[in-house]
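Analysis of the macromolecular model
Each chain, written out:
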Amino acid sequence: MMRQDKIIAIDGPAGSGKSTLGRRLAERLAYLYFDTGVMYRVVTFVALARGLDVYDETLITALAEQIRIDVQPPSVQDGRENDIIVDGADVTWDIRKPDVDARVSIVAAYPGVRKALGTQQRRVGLRGRVVMVGRDIGTVILPDADVKIYLDASAEERARRRYQERCARGETADYDEILLSIQARDELDSNRAVSPLRPAEDAIHLNSDDLDIEQVLEKATALAV
Ligand code: DC
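Let us look at the structure shown here. (Residues numbered from 1 in each chain as written. Predicted model: local features only at pLDDT ≥ 70, side-chain atom pairs only at ≥ 80, totals over all residues. Heavy atoms only, no water.)

Concerning the pairing of strand S7 (residues 147–152)
Burial analysis of S7 places five of its six residues in the buried class, which makes it a mostly covered element. Relative to S7, strand S1 (residues 7–11) is paired through four bridges, and the arrangement is parallel. Following the sheet pairing, Ile-10 is matched in S7 by Ile-149. Where S7 meets strand S8 (residues 204–207), four bridges bridge the pair, whose relative direction is parallel. Its bridge partner lying in S8, Ile-149 is registered against Ile-204. (Buried < 20%, exposed > 50% of the residue type's maximum accessible area, 1.4 Å probe, protein only. Helix = DSSP H or I, 4+ residues; strand = E, 2+ residues; numbered from the N terminus. Pairing = 2+ DSSP bridges.)

Structure follows, in structure tokens:
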């Protein structure tokens, strides 16, 4: 018998396929899918849209503490998983743009930002029946998760996927630029003082370089049931 109230944590670097895996696994188990990267992206996007200095830690932390992020079922079938709404505005695709990619690691390194967003993430996660995806879910946010997966892939493979995603959305994309941005983000995410990207000691490692999504999903499902 499958226990039905599990907490499943999926961590890994940008572009490893953890969002796709998390969404598919949640669908399969009829669990809530929660992509925590969205929260760091929203804070970064709103800071840029308001012309705030992302290097001003006090200002950005205050923003993270105040901001209300609504995640709603998709209103448009354009490949989105959810509508991401802030102050009544749909920012679903804005938070995926290169200017956010380039600055989100700066914002995500601030302890006060992590505390504010982490509190909200933990509240949702502890209800169970959730697949939560991020960088520090198994290590910091939900260290008692029932299943912890660390999904990895080479930087080149991850850049190739991001490039294809952007092209598929009709956006202009440059592979070399994406690769550099991914490498820079890995560096910042792995070396920050607070909750750096690293596998939990009890995480199961999966590498998606040579596995397609269906194969990764099969392995993850076997771990989750
Ligand atoms: O998964 P993503 O690319 O959407 O994440 C965006 C950024 O947010 C990423 O550079 C690191 C940060 N992040 C984090 O620090 N902790 C999380 N749990 C999720 C994301």
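Continuing now.
Some points on the side chain of Ser-208
With respect to the helices, strands and loops of the structure, Ser-208 is situated in the loop between S8 and helix H9 (213–224). Not counting residues up to four positions away in its chain, the partners in contact with Ser-208 are Ser-16, Leu-151, Asp-152, Ala-153, Arg-161 and Val-216. (Contact = heavy atoms within 4.5 Å.)

What about the packing of helix H2 (residues 37–49) against helix H3 (residues 57–66)?
The geometry of H2 relative to H3 is characterised by a closest axis approach of 10 Å and an angle of 120° between their N-to-C directions. Relative to H3, the element H2 is oriented oblique. Both H2 and H3 take part in a crossing whose hand is right-handed. Where H2 abuts H3, its residues Val-43, Val-46 and Ala-47 lie against Ile-60, Leu-63 and Ala-64. Among the residues forming the contact of H2 with H3, the class breakdown is six nonpolar, no polar and no charged. (Axes fitted to C-alpha atoms, helices over the stretch in contact; angles between N-to-C directions. Parallel < 35°, antiparallel > 145°, perpendicular 65-115°, else oblique. Left-handed = near helix turned anticlockwise from the far one by under 90°. Nonpolar A, V, L, I, M, F, W, Y, C, P; charged D, E, K, R; others polar.)

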